[in-house]
Amino acid sequence: MIYWELFLGFFKVGCFSFGGAYSSIPLIRDVVLSYGWLSDEMITYMIAVSESTPGPIMVNLATYVGSNQGGLLGAVITTIAVVLPAFIIILLITSLLKTVLENKYVKTILDGLIPCIIGIILATGCYMMITNLFIFKTGISLNLQSIIIAAILIIISFGSNKFLKKSISPIFLIIIAAFLGIIVF
Amino acid sequence: MKLLFNLFLTFFKIGLFTFGGGYAMIPIIEQTCVKNNKWITHDEMMNLTIVAESTPGPIAINLATFVGYRQKGLIGSIVSTFGVVLPSFLVIYIISMYLNNFLEITIIAKAFKGIKIAVSVLILKVAINMIKKIPKKPVPLIIMLSSFLTMLLINIFAWNFSSISLMLIAAAVNLVIFIVKNNSKSKGEAVK
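Residues numbered from 1 in each chain as written. Chains lettered and ligands numbered in written order. Predicted model: local features only at pLDDT ≥ 70, side-chain atom pairs only at ≥ 80, totals over all residues.

### Points about the overall build of chain B
Step number 1: The helix and strand inventory of chain B stands at seven helices and zero strands.
Step number 2: Helices and strands appear in chain B in the N-to-C order α-α-α-α-α-α-α.
Step number 3: On C-alpha atoms alone, chain B measures out to a radius of gyration of 22 Å, which is more than a quarter above the 16 Å that the 2.2 N^0.38 rule sets for 192 residues.
Step number 4: Seen along its three principal axes, the alpha-carbon backbone of chain B occupies a region of about 65 × 50 × 25 Å.
Step number 5: Relative to its 192 residues, chain B shows a buried fraction of 41%. (Helix = DSSP H or I, 4+ residues; strand = E, 2+ residues; numbered from the N terminus. Rg over C-alpha atoms; globule rule 2.2 N^0.38 Å. Buried ≥ 20, exposed ≤ 12 C-beta atoms within 10 Å, placed from the backbone.)

### Description of the overall build of chain A
Step number 1: A count of helical and extended segments in chain A gives seven helices and two strands.
Step number 2: Secondary structure elements of chain A, listed N to C terminal, follow the sequence α-α-α-α-α-β-β-α-α.
Step number 3: Each of the three principal axes of chain A carries a C-alpha extent, and together these read 55 × 40 × 35 Å.
Step number 4: Evaluated residue by residue, chain A yields a buried proportion of 53% over its 185 residues.
Step number 5: Taking all contacts inside chain A whose residues are at least 6 apart in sequence as the whole, residues at least 24 apart take part in 51%. (Contact = placed C-beta atoms within 7 Å.)

### Quick word on the packing of helix 6 (residues 144-163) of chain A against helix 5 (residues 106-133) of chain B
Step number 1: At a minimum axis separation of 10 Å, helix 6 of chain A and helix 5 of chain B run at an interaxial angle of 45°. It follows that helix 6 of chain A is oblique to helix 5 of chain B by the angle criterion. Handedness of the crossing formed by helix 6 of chain A with helix 5 of chain B: right-handed. Of the residues in helix 5 of chain B, those touching helix 6 of chain A at Ser146, Ile149, Ala150, Leu153, Ile154 and Ser157 of chain A are Gly114, Ile117, Ala118, Val121 and Lys125 of chain B.
Step number 2: Looking at the contact of helix 6 of chain A with helix 5 of chain B residue by residue, the class counts come to seven nonpolar, three polar and one charged. (Axes fitted to C-alpha atoms, helices over the stretch in contact; angles between N-to-C directions. Parallel < 35°, antiparallel > 145°, perpendicular 65-115°, else oblique. Left-handed = near helix turned anticlockwise from the far one by under 90°. Nonpolar A, V, L, I, M, F, W, Y, C, P; charged D, E, K, R; others polar.)

### Looking at helix 1 (residues 2-17) of chain B
Residue and element names in this part refer to chain B.
Step number 1: The terminal C-alpha atoms of helix 1, which comprises 16 residues, lie 23 Å apart, in line with the 22 Å expected from a rise of 1.5 Å per residue.
Step number 2: Every buried residue of helix 1 is accounted for by Leu7, Thr10, Phe11, Ile14 and Gly15. Looking down the long axis of helix 1, one finds its buried residues gathered within 135° of arc, a one-sided arrangement. Of the residues in helix 1, the exposed ones pointing more than 90 degrees away from the buried face are Lys2, Phe5 and Leu9.
Step number 3: Of the surrounding secondary structure, the elements contacted by the buried residues of helix 1 are helix 2 (26-36) and helix 4 (59-98). (Expected span 1.5 Å × (residues − 1). Arc of directions from axis to C-beta.)

### Focus: the interface of chain B and chain A
Step number 1: Counting residues at the interface gives 78 residues for chain B and 89 residues for chain A.
Step number 2: Among the secondary structure elements, those contributing two or more residues to the side of chain B that touches chain A are helix 1, helix 3 (42-53), helix 4, helix 5, helix 6 (138-157) and helix 7 (163-191) of chain B.
Step number 3: Sorting elements by how many residues they give to the side of chain B that touches chain A places helix 5 of chain B first, with 21 residues.
Step number 4: Looking at the side of chain B that touches chain A residue by residue, the class counts come to 52 nonpolar, 21 polar and five charged.

### Topic: the packing of helix 1 (residues 2-16) of chain A against helix 2 (residues 25-35) of chain A
When two helices pack together, their arrangement is captured by the angle between the axes and the distance separating the axes.
All names here are of chain A.
Step number 1: Close contact between helix 1 and helix 2 brings their axes to 9 Å; oriented N to C, the two are set at 160°. The orientation of helix 1 with respect to helix 2, classified from their angle, is roughly antiparallel. The crossing of helix 1 and helix 2 is right-handed. Packed against helix 1, whose contacting residues are Glu5, Gly9, Lys12, Val13 and Phe16, the element helix 2 presents Leu27, Ile28, Val31 and Tyr35 at the interface.
Step number 2: Per-class residue counts for the contact of helix 1 with helix 2 are six nonpolar, one polar and two charged.

### Here's the deal with the domain arrangement of chain B
Step number 1: Under the domain assignment used here, chain B contains domain 1 (2-98), domain 2 (101-133) and domain 3 (135-192).
Step number 2: The C-alpha-based centres of domain 1 of chain B and domain 2 of chain B are spaced at 27 Å. (Domains from an automatic or database assignment.)

### Notes on the pairing of strand 2 (residues 139-142) of chain A
Residues and elements named next belong to chain A.
Step number 1: As judged from the four bridges shared by strand 1 (residues 134-137) and strand 2, these two strands associate in the antiparallel manner. From the neighbouring strand, phenylalanine 134 faces strand 2, where its bridge partner is leucine 142.
Step number 2: Two successive antiparallel strands, strand 1 and strand 2, enclose a turn made up of one residue. (Pairing = 2+ DSSP bridges.)

### A short note on unusual backbone geometry
Step number 1: Positive phi, normally seen in glycine, also occurs at lysine 38 of chain B, with a value near 55°.
Step number 2: Here lysine 38 of chain B shows up in the loop between helix 2 and helix 3.

### Focus: the environment of isoleucine 130 of chain A
Residues and elements named next belong to chain A.
Step number 1: Structurally, the position occupied by isoleucine 130 is in helix 5 (residues 104-133).
Step number 2: A tally of 15 C-beta atoms within 10 Å means that isoleucine 130 is categorised as partly exposed.
Step number 3: It is 27 Å that separates the C-alpha atoms of isoleucine 130 and glycine 9, two residues lying 121 residues apart in sequence.

### As for the nonpolar core
When a protein is soluble and globular, its nonpolar side chains tend to lie buried together.
Step number 1: Ile117, Ile121 and Ala177 of chain A together with Ile115, Ala118 and Ile123 of chain B are the most contacted members of the largest nonpolar core, which totals 105 residues.
Step number 2: Counting residues per element, this core draws most heavily on helix 4 (residues 57-95) of chain A, which supplies 18 residues.
Step number 3: In this structure isoleucine 117 of chain A touches Phe18 and Gly19 of chain A together with Met167 of chain B, once residues within four positions along its chain are discounted. (Core = buried A, V, L, I, M, F, W, Y, C linked by C-beta atoms within 7 Å.)

### A closer look at the environment of isoleucine 28 of chain B
Residues and elements named next belong to chain B.
Step number 1: Looking at where isoleucine 28 falls in the secondary structure, it is placed in helix 2.
Step number 2: Since 16 C-beta atoms lie within 10 Å of it, isoleucine 28 is described here as partly exposed.
Step number 3: With sequence-adjacent residues up to four places away left out, isoleucine 28 is seen in contact with Ile14, Phe17 and Thr18.

What follows is the structure, encoded as structure tokens:
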């Protein structure tokens, strides 16, 4: 049943999304693609939309997929599902299990999870970058226009950290990328 | 009742005015919950920010649940969490009804080709920032590298293996290593 699948899919996303906005995208992408709810193009599209609308990206994507697949009820289900794990865990930590995060077994599990999540995020970022920079049609060729855009974005994004000591906001980088896309392609 | 309404309204505003989510929300939560309403102390907020790093979910949800629970128990936490999620839910729900064939307009399709590259840069940047924070010890580094390679292969060959299974395996492996180490340590002490 679609509602149950929606709930389960986004509950999983909610359980395993550690570390903030962009770190949850690889996980969402994995779940959404495996159920066939959205294409890679639509995911990118929705990330851009999420950046320009309020609220956490994870919640925005959940609401969108839910509404797309199951109307209003679907949207309510996915939004609740993605929020529920965080809600329950914080409730347990503040009320009953105040020291659970200091428990050595819980710590060990988290120490195993976090490096794995980082590896997954890195792999997804690399894979997405590769699919942008190369054209896989007849053989493999470089996509020059994309390489130019990628180079500019990397310089802006990592350069602002180094020289301005300030991180450029994601929304600003996305706006620059949109302009570059219109000019170059 | 007034407190509940106040909690709802405050978190509704927080949800409405924070774009992109994540740490962008912390200064606004500091202003409203710590300075204006004195619902939690600055130290409590900083502590919860650290806790939020080792618990799943957006930090805004974590903070809303925490503040709500502190002020009014379970019902308070439900009201605050509902309040913080509602604005983004409404906005996206309305958008999803009207946004369909935008991508077929040429100029927008071109812009999105650019944005797609920006998203991969942003994801890579998050990964690099997180790598800087992991302890430089063999076990975490090996877990990270092998997860990276496995996930890359899963992506390239479109294997039917979810990233969540990968995470569960990593957690289990680390737990087994920990238990084995502990056992051999206690045995060593027993021999002495």
